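So you can see what is in the structure, the chains are spelled out below.
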Amino acid sequence: MKGWILYKTPQIELSPEAYEIHRLIETASKKGIEIEVVSPDQFDLVVTREDRKSILLNGEVVSLPDFLLPRMGAGTTYFGMAVIRHLERLGVYTFNSAQCIDTVKDKLYSQQILAENNIPVPKTMLGKYPIDDELVDKYLKFPLVLKTLSGSMGKGVFLCDNKSQFNDLMELIHVTNPKLNIILQEFIESSRGKDLRVFVVGGRPIACIERSSNDNNFKANFSRGGQVTQFAMTPEVKWLATETARLFGLEIAGIDLLFDGKHFKICEANSSPGFKGIESCCDIDIADEIYNFIKVRLGKFED
């Protein structure tokens, strides 16, 4: 079985910090899977009826893989998305599909889908300029969270404690990037500095960790230095994670949950979730779980 991992850099340029990519390469070798890391910049696309000759890798027509693992998540560019869509139309199974990646990249649209299906989410507004801070305060209250529509690993997420901070930040955004799309969300106080990450593969929640900030920051991302501990999943956590992944069509997903008193709200879904934090505190091999699922999905039981 042959697969490609679509990443921001090709295999020869991988940095040591690319933990998940190195783990996927290492595990593929152990399982007899031929894997190659490719980047969108290596491809040329030709819209033609010549099918498999319509995509070139490093300027050459090559045999296509059995599957594609996009690993750029919210950072997937337009050209990266075009490569995924092209390969899908040539019959290459992608984990996850371009449509799923595009959906969860848009934090407002994904929140709309969840709310439509009665999944608990923080109250959310689309931010715009000029600011009506009275309207924002009426519906969301302060403090509130300001997010860019597309972002990951805690980037582009800010906490505004009061109207003054909020107005200053909105003015700064308007001056520096007036076309930037943002959303405003209610701040869930009981989840300050902590949240849950549930890793879902093939509709099955396989691991859950609690992430907590170690510097009094309201964000708890492991990639930003947060601490992680294994969390025993309750039926509520399992259902919220699997239902969220199902609604977005994600076969491999990282679902982030906020503590809301004794219950939880969905923060967001990730189409290319990191798993270094999970493997550091849980007795599980995420890369192995991913490949086992891919084999089952593709019917490659003999490999």
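Relevant structure appears above.
Overview of the structure. (Residues numbered from 1 in each chain as written. Predicted model: local features only at pLDDT ≥ 70, side-chain atom pairs only at ≥ 80, totals over all residues. Heavy atoms only, no water.)

Examining the packing of helix H2 (residues 78-89) against helix H3 (residues 98-105)
Geometry of a packed helix pair, given as the angle between the helix axes and the separation of the axes.
Point 1. Where H2 contacts H3, the axes come no closer than 9 Å and their chain directions differ by 150°. Taken together, the axis directions place H2 and H3 in an arrangement best described as roughly antiparallel. Where H2 abuts H3, its residues Met 81, Ile 84, Arg 85 and Glu 88 lie against Ala 98, Ile 101, Asp 102 and Lys 105. (Axes fitted to C-alpha atoms, helices over the stretch in contact; angles between N-to-C directions. Helix = DSSP H or I, 4+ residues; strand = E, 2+ residues; numbered from the N terminus. Parallel < 35°, antiparallel > 145°, perpendicular 65-115°, else oblique. Contact = heavy atoms within 4.5 Å.)

Observations concerning the environment of Lys 147
Point 1. Position of Lys 147 relative to the elements: it lies in strand E8 (residues 144-148).
Point 2. For the pair Lys 147 and Ile 206, spaced 59 residues apart in sequence, the C-alpha separation works out to 28 Å.
Point 3. Every residue in contact with Lys 147, bar those within four places of it in the chain, is listed here: Lys 107, Gly 156, Val 157, Asn 181, Ile 182, Ile 183, Gln 185, Cys 267 and Glu 268.

A look at the packing of aromatic side chains
Point 1. Under the definition given, this model contains 10 aromatic pairs.
Point 2. Ring geometry for Tyr 19 versus Phe 275: centroids 6.2 Å apart, planes at 70°, classification edge-to-face. Here Tyr 19 is found in helix H1 (residues 19-30), whereas its partner Phe 275 is found in the loop between strand E15 (263-270) and helix H8 (276-281), with 256 residues between them in sequence.
Point 3. On the accessibility criterion, Phe 275 (0% relative accessible area) is buried.
Point 4. Between Phe 67 and Tyr 291, the ring centres sit 6.4 Å apart and the planes meet at 65°, which makes this aromatic pair edge-to-face. One end of the pair, Phe 67, is in strand E5 (residues 67-70); the other, Tyr 291, is in helix H9 (residues 286-298), and 224 residues separate them in sequence.
Point 5. In this structure Phe 67 comes out as buried when scored by relative accessible area, which is 0%.
Point 6. Given a relative accessible area of 0%, Tyr 291 falls into the buried group.
Point 7. In this arrangement the basic side chain of Lys 194 is found over the ring face of Phe 259, its NZ or CZ atom lying 4.6 Å from the centre. (Phe/Tyr/Trp six-rings, centres within 6.5 Å; stacked < 30°, edge-to-face > 60°. Buried < 20%, exposed > 50% of the residue type's maximum accessible area, 1.4 Å probe, protein only. Lys NZ or Arg CZ within 6 Å of the ring centre and 35° of its normal.)

Topic: the side chain of Arg 211
Point 1. Inspection of the secondary structure puts Arg 211 in strand E12 (residues 204-212).
Point 2. Residue classification places Arg 211 among the buried residues on the basis of a relative accessible area of 6%.
Point 3. There is a polar contact of 3.3 Å between the side chain of Arg 211 and the side chain of Asp 256. (Polar contact = N/O pair within 3.5 Å; in protein donor to acceptor, adjacent residues only side chain to side chain.)

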